[in-house]
Amino acid sequence: QLTDISVRAEKNGTVYNVPIRIGMDFFDAKFDTGSSTTVIAASVFYDGWSDAELKNLEDFCESKGCTKREFTSASGHKLAGYPVVATDILIGDTEFKEFHYYLITNGRKEMSLLGDDFIENCRYTHEPHEDVEITKFDFDNYCGVNDTCMTSDEVINFIDDLVG
C-alpha cells in the first residue's frame, strides 16, 4: 500500500540531494538510482576520524556481530559497510519509523546515498532539469537491509564516547 509523502530531491549540478536527519545529525544523501544499496558515511556523524578511531568503530561493529560488506562505487572506490537500522528519522519532512543503510567507514560525507533498496519503494516524478519529487512510499514493502545487527543509536552513542 502506497502512502502519500512529500520529499524533494533537489537538483545540484548533476546530482539530486535528499535532506536527512538521523538523531541530531543533518546531511544530504544523493538520490542514486544506479546504486543497489543505501550507504551512509561515518563522517556524517563525526568529521575528523583518525585511522585508529575508524579501526575502533569497525571493531565495535564487528563486536555486535555485524558482517562487513564490500562495495565498489561508480567511480571505482572500494567501500566497506556494516548494516544499521535507524528509527524515527526524517527524510525531507517525512518521518520514517525505520530506515536501513550500510555504515561505510572509509567514505566521505558526500558518498552517502539513497540506493535502489530504498528508491524501489518510492513513486516519484522527475521532469527534465527539475527536482525529483517523491510523492508516495510503500512502507509495507520496504524491508531495507535484511541482516541489520545494530541501531543508529548504538552507533551514535559509540561515536560520542569515542571522540567525545
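In case you missed it, the structure is sitting above this.
Just so it is clear, the structure is predicted and the values come from calculations on it, not from any experiment. (Residues numbered from 1 in each chain as written. Predicted model: local features only at pLDDT ≥ 70, side-chain atom pairs only at ≥ 80, totals over all residues. Heavy atoms only, no water.)

1. Observations regarding the overall build of the protein chain
Within the protein chain one finds three helices and 10 strands. When its helices and strands are written in sequence order, the protein chain yields β-β-β-β-α-β-β-β-β-α-β-β-α. Relative to the globule expectation of 15 Å for 164 residues, the C-alpha radius of gyration of the protein chain, 15 Å, shows essentially globular dimensions. Counting only residues that meet the buried cut, the protein chain has 46% of its 164 residues in that class. For the protein chain, restricting intrachain contacts to residue pairs at least 6 apart in sequence, the fraction spanning at least 24 positions comes to 65%. Total accessible area computed for the protein chain in this model is approximately 8500 Å², and 44% of it derives from carbon and sulfur atoms. Charge centroids of the protein chain, computed over 14 positive and 31 negative side chains, lie 3 Å from each other. (Helix = DSSP H or I, 4+ residues; strand = E, 2+ residues; numbered from the N terminus. Rg over C-alpha atoms; globule rule 2.2 N^0.38 Å. Buried < 20%, exposed > 50% of the residue type's maximum accessible area, 1.4 Å probe, protein only. Contact = heavy atoms within 4.5 Å. Areas by Shrake-Rupley, 256 points an atom, 1.4 Å probe, with all protein chains shown as cover. Lys, Arg positive; Asp, Glu negative; His and termini not counted. Charge placed at Lys NZ, Arg CZ, Asp CG, Glu CD.)

2. Points about the state of the cysteines
Summed over the entire model, instances satisfying the criterion amount to one disulfide. Cysteine C61 shares no disulfide, and the gap to the nearest cysteine sulfur, in C66, comes to 5.5 Å. Its relative accessible area of 0% is what places C61 among the buried residues. (Disulfide = S-S within 2.5 Å.)

3. Quick word on the environment of T67
If you trace the backbone, T67 turns up in the loop between α1 (51–63) and β5 (69–72). On the basis of relative accessible area, T67 is assigned to the exposed category, the value being 53%. Each C-alpha atom of the pair T67 and S36 lies 18 Å from the other, and the pair is 31 residues apart in sequence. Setting aside residues no more than four positions away along its own chain, T67 makes contact with G81, Y82 and P83.

4. Overview of the pairing of strand β10 (residues 132–137)
The pairing of strand β1 (residues 3–12) with β10 spans five bridges and is classified as antiparallel. Bridging across to β10, V7 finds its partner in I134. Both strand β9 (residues 122–126) and β10 contribute to a ladder of five bridges, which runs antiparallel. Paired with Y124 across the strands is I134, a residue of β10. Linking two consecutive strands that pair antiparallel, namely β9 and β10, is a turn of five residues; a positive phi of about 65° is found at H129 within it. (Pairing = 2+ DSSP bridges.)

5. Let's talk about unusual backbone geometry
For H129, which is not glycine, the phi dihedral falls at a positive 65°. Here H129 shows up in the loop between β9 and β10.

6. Let's talk about the nonpolar core
Counting 42 residues, the largest nonpolar core has I20, I22, F99 and F118 as the members making the most contacts within it. When residues in this core are grouped by element, the largest group, five residues, is from strand β6 (residues 78–91). Dropping the residues within four chain positions of it, F118 is found in contact with T38, I91, F96, F99, F137 and Y142. (Core = buried A, V, L, I, M, F, W, Y, C linked by side-chain atoms within 4.5 Å.)

7. Notes on the packing of α1 against helix α3 (residues 152–163)
Two quantities define a packed helix pair, namely the angle between the helix axes and the distance between the axes. Orientation of α1 relative to α3, taken along the N-to-C sense of each, is 145°, at an axis distance of 11 Å. The two elements α1 and α3 cross, and the hand of that crossing is right-handed. Residues E53, N56, L57 and F60 of α1 pack against E154, V155, F158, I159, L162 and V163 of α3. Its residues assigned to classes, the contact of α1 with α3 shows seven nonpolar, one polar and two charged. (Axes fitted to C-alpha atoms, helices over the stretch in contact; angles between N-to-C directions. Left-handed = near helix turned anticlockwise from the far one by under 90°. Nonpolar A, V, L, I, M, F, W, Y, C, P; charged D, E, K, R; others polar.)

Geometric values such as these leave the question of function open.
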